[in-house]
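Below are the chains, spelled out letter by letter.
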Amino acid sequence: MCEWSRNVQEIVDEIDVCIRMQRDDALTLRHLAQKLGYSGFYISRKFKEISGMKFRDYLRYRRLAFALKQLRDTEDNILDIALNYGFSSHEAFSRAFKKAYGVAPSEYRQCPVPLVLRTILRPFDCYLLGIGGTGMSSSEDVKAYFITIPAHKFLHIKNYESCGYWDFWQKQSQIPGQDCATVCGLLDSIKGKLDDLGGNEANSGSGQIMAFINEPAGRLCGWGIPIAECYGVRLPLDYSGEVPPQMLLIDVPEGEYLVFEHGPFDFETENCGVEAKIEKAMKEFDYSASGYCLDTTPGRVFYFYHDPARFWKYVRPVRKA
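Model, not experiment: these values are computed from the prediction. (Residues numbered from 1 in each chain as written. Predicted model: local features only at pLDDT ≥ 70, side-chain atom pairs only at ≥ 80, totals over all residues. Heavy atoms only, no water.)

Novice: Would you take a moment to explain the overall build of the protein chain for this structure?
Specialist: Summing up its helical and strand segments, the protein chain has twelve helices and nine strands in all. What you see for the protein chain is a C-alpha radius of gyration of 21 Å, in line with the 20 Å of a compact globule of 321 residues. Here the C-alpha coordinates of the protein chain stretch approximately 65 × 45 × 35 Å along the principal axes. Counting contacts in the protein chain only where the partners sit at least 6 residues apart, residues at least 24 apart contribute 73% of the total. As presented, the protein chain carries roughly 15400 Å² of accessible surface, and 52% of it is formed by carbon and sulfur atoms. If the 38 positive side-chain charges of the protein chain are averaged to one point and the 42 negative ones to another, these points end up 4 Å apart. (Helix = DSSP H or I, 4+ residues; strand = E, 2+ residues; numbered from the N terminus. Rg over C-alpha atoms; globule rule 2.2 N^0.38 Å. Contact = heavy atoms within 4.5 Å. Areas by Shrake-Rupley, 256 points an atom, 1.4 Å probe, with all protein chains shown as cover. Lys, Arg positive; Asp, Glu negative; His and termini not counted. Charge placed at Lys NZ, Arg CZ, Asp CG, Glu CD.)

Right, here's the structure in full:
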């Protein structure tokens, strides 16, 4: 199963590359199957078995997700957008768009409310598959440095009982409208995320992060602080867009933070080793020598960035001792 999860992941990654580069000739089941050395019929069956979706449905929804962002972010002609993403006409695009999102493209452009996009599938999700080697990273040691983060907003869902990424989504999946696909799809449709890499990235989860909020009613974490685990996006302080009903929007005032950062690493061979290294750095940091202490004030937010291709970062709120 793990091998086929990897194969399907290769297909969905290639789909996004081809959509972004508008290579319609390569966006066929036959072409993608040939890359893996199997028949189109067999790939189609395995794709549905692993992903729970038919290949053609997934392809259509991903094209629509890319098209929606271009519709949202540009003034490009709707017909041009339709043709860019494989639709034969304005009418065909409008029908598909309205069927997927319940609103016509022209209406959405006038009022771009949050919609549930089909985010890129992650059948080979190393976290959920329990993959992550124990080998230590060969990169430099963890860097620790102080920063001031300007005031902003944080749009999120939260859980008072979960412990870790996998457990968080397991618990959220039991709450209507708060499963991973729905929440990530809504967040993906929102423009202006402060951590977004920008554009129609293959990484459709760009700008989405885990966080921990100091909450007296939360569970006691390993740092001895009661917290609630959260998942969401940082937004500009002047954000005035619609807030999905299952989410919370809070103001985060300007504050000082201590960042523990590890550079790029290979998840499959180094993740556990990197985690141990960064946990050790946080545990051994000499706060007394820095003049700061960890800020446990209710409402302060810890941000957690885990992107193996770029970095692993804990951003912890601090105050003058």
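Here the narrative resumes.
Novice: How should I be thinking about the nonpolar core in this particular structure?
Specialist: One recurring pattern in soluble globular proteins is that nonpolar side chains are buried together. Formed by 40 residues in total, the largest nonpolar core has its most connected members in Ile11, Ile15, Phe47, Tyr58, Phe93, Phe97 and Tyr101. Here this core gets nine residues from one element, more than from any other, and that element is helix H4 (residues 55-73). Sequence-distant contacts of phenylalanine 47, that is, excluding residues within four places in its chain, are made with Val8, Ile11, Val12, Gly52, Met53, Lys54, Phe55, Tyr58 and Leu121. (Core = buried A, V, L, I, M, F, W, Y, C linked by side-chain atoms within 4.5 Å. Buried < 20%, exposed > 50% of the residue type's maximum accessible area, 1.4 Å probe, protein only.)

Novice: Teacher, can you tell me more about the state of the cysteines here?
Specialist: Here a disulfide denotes a covalent bond joining the sulfur atom of one cysteine to the sulfur atom of another. Per the stated rule, a full pass over the model turns up zero disulfides. No disulfide involves cysteine 230; its sulfur sits 12 Å from that of cysteine 221, the nearest cysteine. Classification of cysteine 230 by relative accessible area gives buried; the value is 0%. (Disulfide = S-S within 2.5 Å.)

Novice: Which parts of the structure should I look at to understand the side chain of arginine 63?
Specialist: On the secondary structure map, arginine 63 appears in helix H4. Exposure remark for arginine 63: the relative accessible area of 15% places this residue in the buried category.

Novice: Would you mind going over unusual backbone geometry with me for this structure?
Specialist: Across residues other than glycine, the phi torsion is negative in most instances, and most of the peptide bonds are trans. Even without being glycine, glutamine 22 reaches a positive phi, approximately 55°. Considering the arrangement of structural elements, one finds glutamine 22 in the loop between helix H1 (2-21) and helix H2 (29-36). Owing to a relative accessible area of 41%, glutamine 22 belongs among the partly exposed residues under this scheme.

Novice: Explanation requested: helix H3 (residues 40-51) in the structure shown.
Specialist: The periodicity of an α-helix, 3.6 residues per turn, causes residues three or four positions apart to be oriented the same way. In this model H3 runs 16 Å from its N-terminal to its C-terminal C-alpha over twelve residues, within 8% of the 16 Å that 1.5 Å per residue would give. When H3 is considered as a whole, its buried residues turn out to be Ile43, Lys46, Phe47, Ile50 and Ser51. Taken down its axis, H3 places every buried residue within 110° of arc, on the same side. Looking at the packing, one finds that the buried side of H3 touches H1, H2 and H4. Trailing H3 by a residue or two, glycine 52 shows a phi angle of about 80°, which is positive. (Expected span 1.5 Å × (residues − 1). Arc of directions from axis to C-beta.)

Novice: Please clarify how the packing of aromatic side chains should be interpreted in this entry.
Specialist: The geometry of two aromatic rings is summed up by the distance between their centres and the angle between their planes. According to the stated counting rule, one finds 20 aromatic pairs in the structure shown. Centroid distance phenylalanine 66 to tyrosine 85: 6.4 Å. Interplanar angle 45°. Geometry classified as tilted. Of the two residues, phenylalanine 66 sits in helix H4 while tyrosine 85 sits in the loop between helix H5 (78-84) and helix H6 (90-101), which places them 19 residues apart along the sequence. By relative accessible area, tyrosine 85 is classed as buried at 6%. Every member of this aromatic cluster is reached through a ring pair, and the members are Phe87, Phe93, Phe97, Tyr101 and Tyr108. Across from the ring centre of tyrosine 61, 5.1 Å away, lies the NZ or CZ of arginine 60, which sits over that ring. Positioned above the aromatic ring of tyrosine 257, the side-chain terminus of arginine 300 is 5.0 Å from the ring centre. (Phe/Tyr/Trp six-rings, centres within 6.5 Å; stacked < 30°, edge-to-face > 60°. Lys NZ or Arg CZ within 6 Å of the ring centre and 35° of its normal.)

Novice: Mind showing me how you'd approach the pattern of salt bridges here?
Specialist: For side chains bearing opposite charge, pairing can occur when the charged atoms are close. Taken as a whole, this structure holds 15 salt bridges when the rule is applied. Salt-bridge contacts for lysine 193 lead to aspartate 196; the nearest nitrogen and oxygen are separated by 3.6 Å. The partner of aspartate 295 in a salt bridge is arginine 300, with the nearest N and O atoms 2.7 Å apart. The structure contains a network of salt bridges with shared partners spanning Arg72, Asp73 and Lys191. (Salt bridge = Lys/Arg side-chain N within 4 Å of Asp/Glu carboxyl O.)

Novice: Teacher, can you tell me more about the environment of proline 226 here?
Specialist: Mapped onto the elements of the fold, proline 226 is located in strand E4 (residues 226-235). Given a relative accessible area of 26%, proline 226 falls into the partly exposed group. The sequence separation of proline 226 and glutamate 215 amounts to eleven residues, and the corresponding C-alpha distance is 5.6 Å. Setting aside chain neighbours within four positions, we find proline 226 in contact with Ile213, Asn214, Glu215, Pro216, Gly218, Arg219 and Leu220.

Novice: Looking at this structure, I do not really get the environment of aspartate 196. What am I missing?
Specialist: Structurally, the position occupied by aspartate 196 is in the loop between helix H10 (180-188) and strand E3 (208-220). Sequence separation of aspartate 196 and glutamate 161 is 35 residues, and the distance between their C-alpha atoms is 28 Å. Residue contacts for aspartate 196: discarding those within four places in its chain leaves Ser206 and Gly207.

Novice: How should I be thinking about the pairing of E4 in this particular structure?
Specialist: Side-chain positions along a regular strand alternate between the two faces of the sheet. Of all ten residues in E4, nine are buried; the element is thus mostly enclosed. Sheet topology note: the strand E2 (residues 152-159)/E4 ladder contains seven bridges and is antiparallel. When the bridges of E4 are listed, asparagine 159 appears paired with glutamate 229. By the bridge criterion, nine bridges tie E3 to E4 in an arrangement that is antiparallel. Bridging from a neighbouring strand, alanine 211 pairs with cysteine 230 of E4. A loop of five residues connects E3 with E4, the two strands running antiparallel in sequence, and glycine 224 in this loop sits at a positive phi of about 80°. (Pairing = 2+ DSSP bridges.)

Note that every value here comes from positions in space, so none of it alone points to a role or purpose.
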